Amino acid sequence: MITRKTRRGIIVLVLLTTVSFWAGRKLDTDFQEPVTGLDPKLNYALRDFELQFFDQDGQPTINLRAPLLRNDPELQLGTIEKPVFKLNQPGITWNLTAESATVTADKEHVQLVGKVNILRHEISTGALAELNTEEVMIEVTPQTASTDKPVRIFDGYNHLTATGLDLVMKTNTFMLKQQVEATYAVNY
């Protein structure tokens, strides 16, 4: 037989459990939407940030992370310290790093400056190609990159050096501009 005191304790316990459950559910429904469309006319800085861009099918296309992004509304430029870009294409991933980058207000032109490293990874074969230079201008929509600086390319076997490069990432083609030197591995 349950005493009156025990019955009251059980009722209070059930009541507190119900209130706790209700309060917890209410917090779950108060989800904040991510910030979108930051006004380029504002002067702001983002620290330790990561941006993810998706295509029309919801697949990730570009990922950008860096310790600092600053927006200068007067110059209409964003500056990024130590950016790490990852560009996903069917069967290929491009990883781009630099000491710094500038981005135009329309986000169509990105200039990588300093020690620039571009790594191309073919997912099906595991083949890697690495490109090193001092400066690269990237056109975002056509997915092209170019430089007039000295360039070193290594694909795991072959070495290429040149002054200047035009790269089309969509078709995985490049043209070396001047003073091209190549060392090819014959038997691999």
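Predicted model, so just to flag it, every value in this text is computed and none were measured.

Next up on the list: the overall build of the protein chain. Check the secondary structure of the protein chain and you find 1 helix and 11 strands. Mapped in sequence order, the helices and strands of the protein chain form the string α-β-β-β-β-β-β-β-β-β-β-β. Counting across all 188 residues of the protein chain, residues that qualify as buried make up 24%. Within the protein chain, contacts between residues at least 6 apart in sequence are counted, and of these 31% link residues at least 24 apart. Put simply, the protein chain shows about 13,400 Å² of open surface, and 57% of that area lies on carbon and sulfur atoms.

By secondary structure assignment, the location of Thr163 is in strand β10 (residues 159-168). A polar contact of 2.9 Å, which involves the side chain of Thr163, links it to the side chain of Gln179. Filtering out sequence-adjacent residues up to four positions away, Thr163 remains in contact with Asp148, Lys149, Pro150, Lys177, Gln178 and Gln179.

So, on to the side chain of Arg120. Position of Arg120 among the secondary structure elements: in strand β7 (residues 109-122). Within the structure, Arg120 has its side chain in polar contact with the side chain of Asn172 (distance 2.7 Å). Look past the residues within four positions of Arg120 in its chain and what remains in contact with it is Ile92, Thr93, Trp94, Ala127, Leu128, Ala129 and Asn172.

The subject of this paragraph is the pattern of salt bridges. Taken as a whole and assessed by the stated rule, the structure comprises 4 salt bridges. The salt bridge involving Arg70 is made with Glu81; its shortest N-O contact spans 3.5 Å. Note that Arg70 is positioned in strand β2 (residues 60-72) and Glu81 in strand β3 (residues 77-81), a separation of 11 residues in sequence. Given the relative accessible area of 41%, Arg70 is considered partly exposed. Exposure remark for Glu81: the relative accessible area of 38% places this residue in the partly exposed category. A salt bridge links Asp148 to Lys177; the nearest nitrogen and oxygen atoms lie 2.8 Å apart. Note that Asp148 is positioned in strand β9 (residues 144-154) and Lys177 in strand β11 (residues 173-183), a separation of 29 residues in sequence. By relative accessible area, which is 58% here, Asp148 ends up exposed. Here the residues in one salt-bridge network are Asp148, Asp166 and Lys177, joined through shared partners.

Do not read the fine detail of predicted coordinates wherever pLDDT is low. Model confidence for the protein chain is summarised by a mean pLDDT of 84, while 88% of its residues fall at 70 or above. Here helix α1 (residues 4-29) is the element of the protein chain with the lowest mean pLDDT, 71, and β9 is the one with the highest, 94.

Attention now goes to unusual backbone geometry. With a phi angle near 45°, Asp48 is a residue other than glycine that sits in the positive phi range. For Asp48, a relative accessible area of 68% translates into the label exposed. Here Lys82, not a glycine, exhibits a phi torsion of approximately 45°, which is positive. For Lys82, a relative accessible area of 56% corresponds to the exposed category.

Let us now look at the pairing of strand β5 (residues 92-97). With 6 bridges joining them, strand β4 (residues 84-89) and β5 adopt antiparallel strand pairing. Residue pairing in the sheet places Val84 in a bridge with Thr97 of β5. Following β4, the chain reverses through 2 residues before pairing antiparallel with β5; Gly91 in that reversal takes a positive phi of roughly 80°. Alignment of β5 against β7, held across 6 bridges, turns out to be antiparallel. Counterpart to Thr93 in the pairing with β7 is His121.

Here is what the cut-offs are and how they apply
- Residues numbered from 1 in each chain as written.
- Predicted model: local features only at pLDDT ≥ 70, side-chain atom pairs only at ≥ 80, totals over all residues.
- Heavy atoms only, no water.
- Helix = DSSP H or I, 4+ residues; strand = E, 2+ residues; numbered from the N terminus.
- Buried < 20%, exposed > 50% of the residue type's maximum accessible area, 1.4 Å probe, protein only.
- Contact = heavy atoms within 4.5 Å.
- Areas by Shrake-Rupley, 256 points an atom, 1.4 Å probe, with all protein chains shown as cover.
- Polar contact = N/O pair within 3.5 Å; in protein donor to acceptor, adjacent residues only side chain to side chain.
- Salt bridge = Lys/Arg side-chain N within 4 Å of Asp/Glu carboxyl O.
- pLDDT = per-residue confidence, 0-100.
- Pairing = 2+ DSSP bridges.

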